[in-house]
Amino acid sequence: MRRYVISFGDSDKYMVSYDGSISDFRKSDKLQSIKDRVDDYLKAQFPTDGYEEVVPLQIEESDGDLGYPNLALVGIEELLKSVKRQVQIQREGFELNNNAPYDDVES
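Quick look at the structure, then. (Residues numbered from 1 in each chain as written. Predicted model: local features only at pLDDT ≥ 70, side-chain atom pairs only at ≥ 80, totals over all residues. Heavy atoms only, no water.)

This part takes up the overall build of the protein. When helices and strands are counted, the protein shows four helices and three strands. Along the protein, from the amino end to the carboxyl end, the secondary structure elements read β-β-α-α-β-α-α. Burial statistics for the protein: of 107 residues in total, 29% are counted as buried. Considering only intrachain contacts with a sequence separation of at least 6, the fraction spanning at least 24 residues in the protein is 69%. When the accessible surface of the protein is summed, it comes to about 7,200 Å², and 45% of that surface belongs to carbon and sulfur atoms. (Helix = DSSP H or I, 4+ residues; strand = E, 2+ residues; numbered from the N terminus. Buried < 20%, exposed > 50% of the residue type's maximum accessible area, 1.4 Å probe, protein only. Contact = heavy atoms within 4.5 Å. Areas by Shrake-Rupley, 256 points an atom, 1.4 Å probe, with all protein chains shown as cover.)

Set out below in structure tokens:
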């Protein structure tokens, strides 16, 4: 059984075990299920926002236990909270940057 570290954008990282190569894991039903769950959750939380660029899936092969929590043990809810937090941070940064040209305007 191999271990892979997954994250979405700058979300927390989680360990996922899979019996196969990284290319097999990328095509696996297990990973697709995680991606679908994250996508469905974000669509429900941010129905009008384009969040895909903010939280791209990242996968790293792990040689051992790097101290990341095992997704199967902590549950996908922890991952969903982390991904939601990343989208919120990105949105807040965008709103601040969007208002920046007007912050020195005198009345």
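After that view, the rundown keeps rolling.
Here we come to helix 2 (residues 29-45). For helix 2, spanning 17 residues, the distance from its first C-alpha to its last is 24 Å, which sits close to the expected 24 Å at 1.5 Å a residue. Listed as buried for helix 2 are Leu31, Ile34, Val38 and Leu42. Along the axis of helix 2, the buried positions cluster into a sector of 65 degrees, meaning they face one direction only. Opposite the buried face of helix 2, by more than 90 degrees, sit the exposed residues Asp29 and Ala44. (Expected span 1.5 Å × (residues − 1). Arc of directions from axis to C-beta.)

Moving on: the side chain of serine 11. Mapped onto the secondary structure, serine 11 falls in the loop between strand 1 (2-8) and strand 2 (14-18). Judged by its relative accessible area of 6%, serine 11 falls in the buried class. At a separation of 2.9 Å, a polar atom in the side chain of serine 11 contacts the main-chain amide nitrogen of phenylalanine 8. Excluding residues within four positions of it along the chain, serine 11 makes contact with Leu79, Ser82, Val83 and Gln86. (Polar contact = N/O pair within 3.5 Å; in protein donor to acceptor, adjacent residues only side chain to side chain.)

What tends to happen in soluble globular proteins is that the nonpolar side chains get buried as a cluster. In terms of nonpolar packing, the biggest core is built from 20 residues, with Ile6, Phe8, Phe25, Ile34 and Leu79 touching the most fellow members. Taken together, the elements giving at least two residues each to this core come down to strand 1, strand 2, helix 2 and helix 4 (76-99). Among the elements that line this core, the one with the most residues is helix 4, at five residues. Non-local contacts of leucine 79, meaning those with residues more than four positions away in its chain, are made with Phe8, Ser11, Tyr14, Ile34, Val38 and Leu71. (Core = buried A, V, L, I, M, F, W, Y, C linked by side-chain atoms within 4.5 Å.)

Let us now look at the side chain of glutamine 86. With respect to the secondary-structure elements, glutamine 86 resides in helix 4. A relative accessible area of 13% means that glutamine 86 is categorised as buried.

The strand order across the open sheet built from three strands is 2-1-3, with neighbouring strands paired in antiparallel fashion. Where the open sheet ends on each side, the last strands, each with one partner, are strand 2 and strand 3 (57-62). Averaged over all adjacent pairs, the angle separating strand axes in this sheet is 35 degrees, with direction ignored. The pairing of strand 1 with strand 3 spans six bridges and is classified as antiparallel. Following the sheet pairing, arginine 3 is matched in strand 3 by serine 62. (Pairing = 2+ DSSP bridges. Axes fitted to C-alpha atoms, helices over the stretch in contact; angles between N-to-C directions.)

A word on the pattern of salt bridges. Under the definition given, this model contains six salt bridges. Aspartate 39 is the salt-bridge partner of lysine 43, the closest N and O atoms lying 3.3 Å from each other. Note that lysine 43 and aspartate 39 are positioned in helix 2 at a spacing of four residues, about one turn of the helix. Given the relative accessible area of 45%, lysine 43 is considered partly exposed. (Salt bridge = Lys/Arg side-chain N within 4 Å of Asp/Glu carboxyl O.)

That's the geometry; what it means functionally is another story.
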